[in-house]
Amino acid sequence: MVAPWTAWVLTLFPTMFPGPLGESLAGAALKKGIWRLETVDIRGFAGDKHRSVDDTPFGGGPGMVLRADVLARSVDGIAADAGPETPIFYLGPRGRPFDQPLARSLAEGVGVVLLCGRFEGIDERLLEARPIEEVSLGDFVLSGGEPAALAIIDTVVRLLPGVTGDPRSVADDSFERGLLEYPQYTRPREWEGRTVPEVLLSGHHERISEWRREQAERTTRTRRPDLWERYVGTRDGTR
Ligand code: SAH
């Protein structure tokens, strides 16, 4: 039997997992064995009797830095189990921005190793000495990599076959075609004097999908000119 898609998480706070990933869609899929979570406590790889994993930064400054030797032992152990096809990401604000295309490519693979930093971050030499790519959740600073790991795993898991009941719900999502999603409506038909766009009640599938495309394009153009420019480039075959 092929092993299910596996997320390996290296963390100082293993009790944060599965956390929200144990609920709802991801949780049900975890119980069904569609994906697997291996949480590894970095502290287990500390060398001395104090089990220390961090130290003060060379050059001075506030806070603590996670040690390269301790992290390397943890990464090497997991990389051996996960195999060479599994990419290793360090979660950090300087990294490649995580996005839907990256999530898709991870979902097509065998899994991912996610190294969560804490405090001031990690010793830079680890990133030079091991095949680790730094990946960022966005242009903001978290207090640790764990929320980023949860977000990344959640994003990938809902793309795995058999996780969402209807694969079309994923195909229409924001970013899947380079556009943000069209607005959604449900019952009641009238709420606080507001009705639902007429076309959605028409039962006319072509007109509905045309309306949704227009809405998706308008929302993208006004809210995210950066996405819109890329979308127009790809659509017109100029890029
Ligand atoms: N001093 C660092 C930030 C450390 S924040 C800097 O300025 O770059 C502590 C930890 O939180 C980091 O080691 C990293 O693992 C995680 N983290 C913070 N922001 C993140 C982000 N935007 N994406 C992913 N991980 C992040």
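About the cut-offs
- Residues numbered from 1 in each chain as written.
- Predicted model: local features only at pLDDT ≥ 70, side-chain atom pairs only at ≥ 80, totals over all residues.
- Heavy atoms only, no water.
- Helix = DSSP H or I, 4+ residues; strand = E, 2+ residues; numbered from the N terminus.
- Buried < 20%, exposed > 50% of the residue type's maximum accessible area, 1.4 Å probe, protein only.
- Contact = heavy atoms within 4.5 Å.
- Areas by Shrake-Rupley, 256 points an atom, 1.4 Å probe, with all protein chains shown as cover.
- Salt bridge = Lys/Arg side-chain N within 4 Å of Asp/Glu carboxyl O.
- Polar contact = N/O pair within 3.5 Å; in protein donor to acceptor, adjacent residues only side chain to side chain.
- Near = heavy atom within 4 Å.
- Domains from an automatic or database assignment.
- Phe/Tyr/Trp six-rings, centres within 6.5 Å; stacked < 30°, edge-to-face > 60°.
- Lys NZ or Arg CZ within 6 Å of the ring centre and 35° of its normal.
- Pairing = 2+ DSSP bridges.
- Axes fitted to C-alpha atoms, helices over the stretch in contact; angles between N-to-C directions.

Draft legend 1. Here's a closer look at the overall build of the chain. Helix and strand counts for the chain come out as eight helices and seven strands. Expressed along its principal axes, the backbone C-alpha trace of the chain runs to roughly 70 × 45 × 40 Å. The buried share of the chain, taken over its 239 residues, is 41%. Long-range pairs, those at least 24 residues apart, make up 72% of the contacts in the chain between residues at least 6 apart in sequence. Surface accessibility of the chain: about 14200 Å² in total, with carbon and sulfur atoms responsible for 52%.

Draft legend 2. Structural detail: the pattern of salt bridges. The tally for this structure, following the rule as stated, stands at 16 salt bridges. A salt bridge links Asp76 to Arg130; the shortest N-O distance between them is 2.7 Å. Note that Asp76 is positioned in helix α2 (residues 68-82) and Arg130 in the loop between α4 (125-129) and β7 (132-136), a separation of 54 residues in sequence. Overall, Asp76 belongs to the partly exposed group, its relative accessible area being 34%. A relative accessible area of 27% places Arg130 in the partly exposed class. When the shortest N-O distance is used, the salt bridge between Asp166 and Arg168 registers 2.7 Å. Because the salt bridges share partners, they merge into one network encompassing Arg213, Glu217, Arg235 and Asp236.

Draft legend 3. Representation of the side chain of Thr220 within the structure. For Thr220, the position within the fold is in helix α7 (residues 205-223). Within polar-contact distance, the side chain of Thr220 engages the backbone oxygen of Ala216 at 2.6 Å. Discounting chain neighbours no more than four positions away, the residues touching Thr220 are Gly178, Leu179, Leu180, Pro225, Leu227 and Trp228.

Draft legend 4. Up close: the site of the ligand. Tyr90, Leu91, Gly117, Phe140 and Leu142 are the nearest of the 20 residues found near the ligand. One of the backbone N or O atoms of Glu120 is found 3.0 Å from a nitrogen atom in the ligand. In this structure, a nitrogen atom belonging to the ligand sits 3.0 Å away from a main-chain N or O atom of Leu142. For the ligand, the accessible surface in isolation is 560 Å², of which the surrounding protein chains cover 84%. Put simply, the parts of the chain that give the shell around the ligand at least two residues each are β5 (88-97) and β7. Residue contributions to the shell around the ligand peak at four residues, all from β5.

Draft legend 5. Inspection of the environment of Arg51 at higher detail. Position of Arg51 among the secondary structure elements: in the loop between β2 (35-41) and β3 (54-55). For the pair Arg51 and Phe175, spaced 124 residues apart in sequence, the C-alpha to C-alpha distance is 43 Å. Here Arg51 is in contact with Arg43, Gly44 and Ala46, once residues within four sequence places are set aside.

Draft legend 6. Structural detail: the domain arrangement of the chain. Here the chain is described as being made up of domain 1 (5-157) and domain 2 (172-235). For domain 1 and domain 2, the distance between their C-alpha centres works out to 35 Å.

Draft legend 7. Quick peek at the packing of aromatic side chains. Taken as a whole and judged by the stated rule, the model has one aromatic pair. Relative to Tyr231, the ring of Trp228 lies with its centre 5.5 Å away and its plane at 35°, an arrangement referred to as tilted. Within this pair, Trp228 and its partner Tyr231 are both found in helix α8 (residues 225-235), separated by three residues, close to a single helical turn. Exposure class is identical for Trp228 and Tyr231. Each is buried. When the ring centre of Trp228 is taken as reference, the NZ or CZ atom of Arg221 above it lies at 5.4 Å.

Draft legend 8. Quick look at the sheet that holds β5. Taken together, the five strands give an open sheet; going across it, the order is β2-β1-β6-β5-β7, and neighbouring strands pair in parallel fashion. Across the chains shown, the open sheet's two edge strands, defined by having one partner strand only, are β2 and β7. Mean inter-strand twist for the sheet, computed between neighbouring axes without regard to direction, equals 35°. In this structure, strand β1 (residues 5-11) lies alongside β2, joined through seven bridges in parallel fashion. In the sheet register, Thr11 faces β2, and the bridge partner there is Asp41.

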